[in-house]
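A structural walkthrough
Next come the chains, spelled out residue by residue.
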Amino acid sequence: MRLTVPSVPDFRTVVGNYNVTDDGGSPGVFTIFTITGDVLLQVFGVCNVALTSGGVPTIRMGVSGNTAVLIALTTATDLILNEIWFNATPTATVEQIDVTGSRTFVVAGGQDVIFTTDTADLTAGDIDFYALWRPLSTDGLVVAA
C-alpha cells in the first residue's frame, strides 16, 4: 500500500520556540511540540537570533530514541539570523518546502518532538519551529509545548 501525502494546504500549522534567554543555554532536551495520536508531520526552524557559543555546540530535532530523525545533527553556531533549519547544513533564508531533507514523517503513538542541544553552552539564540501537520488517527493533534 502506498501512502499518499496531502498537499501543503491540507496541513495545519503550529509554532513552537526555543530561546536561550527563556530556556537557558545549557545542553539539554526541550519539548517543542506535544503530540497525541498519530499524525503526518513536517518540521523546520527559522532562526530569529543567531546561535552563539564559546564552544562548539550541536543541535538536532527528533523524538525520544531517535533524536535526529526530524532534523539532522548540526553545529549550532552554523545557524544564523533568518536562516531556515531543516537539515545538517543551514545555508539559506529562502527554501523550497519540498527540498531534500525537509521530509514528511508519520509520527505514531503520541511521540513528542524534542530539540536537543549538547557539547557546549549556547550564549544566544532564538528559533521558531514550524510544524506542518495533519491528523491520521481520530485523536491526532500537535500543539506547541
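Refer to the structure printed above.
Since this is a predicted model, take the numbers as computed values, not measurements.

What follows covers the environment of Phe129. Looking at where Phe129 falls in the secondary structure, it is placed in strand 9 (residues 124-135). Here the alpha-carbon distance between Phe129 and Ile32, two residues 97 residues apart in the chain, equals 7.7 Å. Look past the residues within four positions of Phe129 in its chain and what remains in contact with it is Val14, Val15, Gly16, Asn17, Tyr18, Ile32, Phe33, Phe44, Gly45, Met61, Trp85 and Phe115.

At Asn82, a residue that is not glycine, the phi angle is positive and equals roughly 70°. With respect to the helices and strands, Asn82 occurs in the loop between strand 5 (66-75) and strand 6 (84-85). With a phi close to 75°, Thr119 is a non-glycine residue in the positive phi region. Its location among the elements puts Thr119 in the loop between strand 8 (113-118) and strand 9.

Membership of the largest hydrophobic core comes to 29 residues, with the highest contact counts inside it found for Phe33, Leu41, Met61, Phe115 and Phe129. Among the secondary structure elements, those contributing two or more residues to this core are strand 1 (12-19), strand 2 (28-36), strand 3 (39-52), strand 4 (58-63), strand 5, strand 7 (105-107), strand 8 and strand 9. Broken down by element, the residue count for this core peaks at five residues, all from strand 3. Listed in part, the six residues of the second largest apolar core include Phe11, Leu40, Phe44 and Leu132.

Turning our eyes to something else, we now look at the environment of Ala68. Positionally, Ala68 belongs in strand 5. Looking at Ala68, the relative accessible area reads 30%, which means it is partly exposed. Sequence-distant contacts of Ala68, that is, excluding residues within four places in its chain, are made with Arg60, Met61, Gly62 and Leu73.

Right, let's get into the side chain of Glu83. By the secondary structure assignment, Glu83 is in the loop between strand 5 and strand 6. Nearest to the buried, unbridged Glu83 among oppositely charged side chains is Arg60, at 18 Å. Contact partners of Glu83, with chain neighbours within four places excluded, come to Gly45, Val46, Cys47, Asp78, Pro90, Thr91, Ala92 and Thr93.

The next point concerns the environment of Val56. Examined against the element boundaries, Val56 turns out to sit in the loop between strand 3 and strand 4. The spacing of Val56 and Thr75 is 19 residues in sequence and 6.8 Å in space, taken between C-alpha atoms. Residues within four places of Val56 in sequence aside, it is in contact with Thr75, Thr119 and Ala120.

Our focus in this paragraph is the pairing of strand 9. Alignment of strand 1 against strand 9, held across eight bridges, turns out to be antiparallel. Residue pairing across strands places Val14 opposite Ala131, the latter belonging to strand 9. Sheet topology note: the strand 3/strand 9 ladder contains 11 bridges and is antiparallel. Of the residues in strand 9, the one forming a bridge with Val43 is Ala131.

One pass over the full model with this rule turns up six aromatic pairs. Ring centres of Tyr18 and Phe115 lie 4.8 Å apart, and the angle between their planes is 50°; on these two criteria the pair is classed as tilted. Taken together, the residues span a long stretch of sequence, with Tyr18 in strand 1 and Phe115 in strand 8 at a distance of 97 residues. According to the relative accessible area criterion, Tyr18 is buried, its value standing at 1%. When the centroid spacing of 5.5 Å and the interplanar angle of 20° are considered together, the rings of Phe44 and Tyr130 count as stacked. One end of the pair, Phe44, is in strand 3; the other, Tyr130, is in strand 9, and 86 residues separate them in sequence. Note on Phe44: relative accessible area 15%, which makes it buried. Judged by its relative accessible area of 24%, Tyr130 is partly exposed. One aromatic cluster in this structure is built from Tyr18, Phe30, Trp85, Phe115 and Phe129.

Cut-off values and rules
- Residues numbered from 1 in each chain as written.
- Predicted model: local features only at pLDDT ≥ 70, side-chain atom pairs only at ≥ 80, totals over all residues.
- Heavy atoms only, no water.
- Helix = DSSP H or I, 4+ residues; strand = E, 2+ residues; numbered from the N terminus.
- Contact = heavy atoms within 4.5 Å.
- Core = buried A, V, L, I, M, F, W, Y, C linked by side-chain atoms within 4.5 Å.
- Buried < 20%, exposed > 50% of the residue type's maximum accessible area, 1.4 Å probe, protein only.
- Lys, Arg positive; Asp, Glu negative; His and termini not counted.
- Salt bridge = Lys/Arg side-chain N within 4 Å of Asp/Glu carboxyl O.
- Pairing = 2+ DSSP bridges.
- Phe/Tyr/Trp six-rings, centres within 6.5 Å; stacked < 30°, edge-to-face > 60°.

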